[in-house]
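For reference, the chains in residue letters:
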Amino acid sequence: MRELPRQAGVTLVELLIVMVIVAVLATIAYPSYQNHVRKANRAAAQSLLMHIANREAQYILDARNYAMGPGALAALNVTLPNDVARYYTVSIENSSGGTAPETPPSFTIRATPISGSSQVKDGELSLTHDGLKARGGNPGW
């Protein structure tokens, strides 16, 4: 009696084992990926805040005061990049929280996470005229 050739293939058990391994790896990797994306968005916002602060330093030499309020970004000729505008609202106010010029001049630039975005966990980013940085109410970035 001749033996039939054995057919090669993947059994259902082997397929299920591979699917379980892939699922476990995905559940471990996805939160790490989300954290990396959040950090990249935060870095883009921090870079923008530094750019705006540099523009404010140039602006005060001509105008004798910092640009404040809703038209401040336009006065500084700054447009929000898409990677920041999707996640943050950027505002410039004086250090006491208003939009009127102060004596001596001061400013605080705030990047507030848009409600429902992944950046809400980070909290608000801020940068003042004297270089103080804060994230979520804690000093430093």
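For the structure itself, consult the block above.
Residues numbered from 1 in each chain as written. Predicted model: local features only at pLDDT ≥ 70, side-chain atom pairs only at ≥ 80, totals over all residues. Heavy atoms only, no water.

Section: the pairing of strand β2 (residues 108-113)
Taken together, the six bridges between strand β1 (residues 88-93) and β2 define a ladder with antiparallel strand orientation. Each bridged residue has a counterpart across the sheet, and for Ser 91 the counterpart in β2 is Arg 110. As paired elements, β2 and strand β3 (residues 125-128) share four bridges and run antiparallel to each other. Considered in β3, the bridge of Ile 109 is made with Leu 127. (Pairing = 2+ DSSP bridges. Helix = DSSP H or I, 4+ residues; strand = E, 2+ residues; numbered from the N terminus.)

Observations concerning the pairing of β3
Here β3 shows no split at all, with Leu 125 and Leu 127 on one side and Ser 126 and Thr 128 on the other all buried. Relative to strand β4 (residues 133-135), β3 runs antiparallel, the two being bridged by three bridges. Its bridge partner lying in β4, Leu 127 is registered against Lys 133. Counting the residues between successive antiparallel strands, the hairpin from β3 to β4 contains four residues, one of them, Gly 131, with a positive phi of roughly 90 degrees. (Buried < 20%, exposed > 50% of the residue type's maximum accessible area, 1.4 Å probe, protein only.)

Focus on unusual backbone geometry
In the Ramachandran plot, Arg 64 falls in the positive-phi region, its phi being about 65 degrees despite a non-glycine side chain. Within the secondary structure, Arg 64 is located in the loop between α1 (12-63) and α2 (72-75). When its relative accessible area of 68% is taken as the criterion, Arg 64 is described as exposed. Not every positive phi belongs to a glycine, and Asn 77 is a case in point at roughly 60 degrees. Inspection of the secondary structure puts Asn 77 in the loop between α2 and α3 (82-85). Since its relative accessible area comes to 60%, Asn 77 is described here as exposed.

Side note on α1
The terminal C-alpha atoms of α1, which comprises 52 residues, lie 74 Å apart, in line with the 76 Å expected from a rise of 1.5 Å per residue. Within the sequence span of α1, burial applies to Arg 38, Asn 41, Arg 42, Ala 44, Ala 45, Gln 46, Leu 48, Leu 49, Ile 52, Ala 53, Glu 56 and Ile 60. Those residues of α1 that are buried are in contact with α2, α3, β1, β2, β3 and β4. With its phi angle positive at about 65 degrees, Arg 64 sits one or two positions after the end of α1. (Expected span 1.5 Å × (residues − 1). Contact = heavy atoms within 4.5 Å.)

Re the side chain of Arg 38
Within the fold, Arg 38 resides in helix α1. Look at Arg 38: it is buried, it has no salt bridge, and the nearest opposite charge is Asp 122 at 4.1 Å. (Lys, Arg positive; Asp, Glu negative; His and termini not counted. Salt bridge = Lys/Arg side-chain N within 4 Å of Asp/Glu carboxyl O.)

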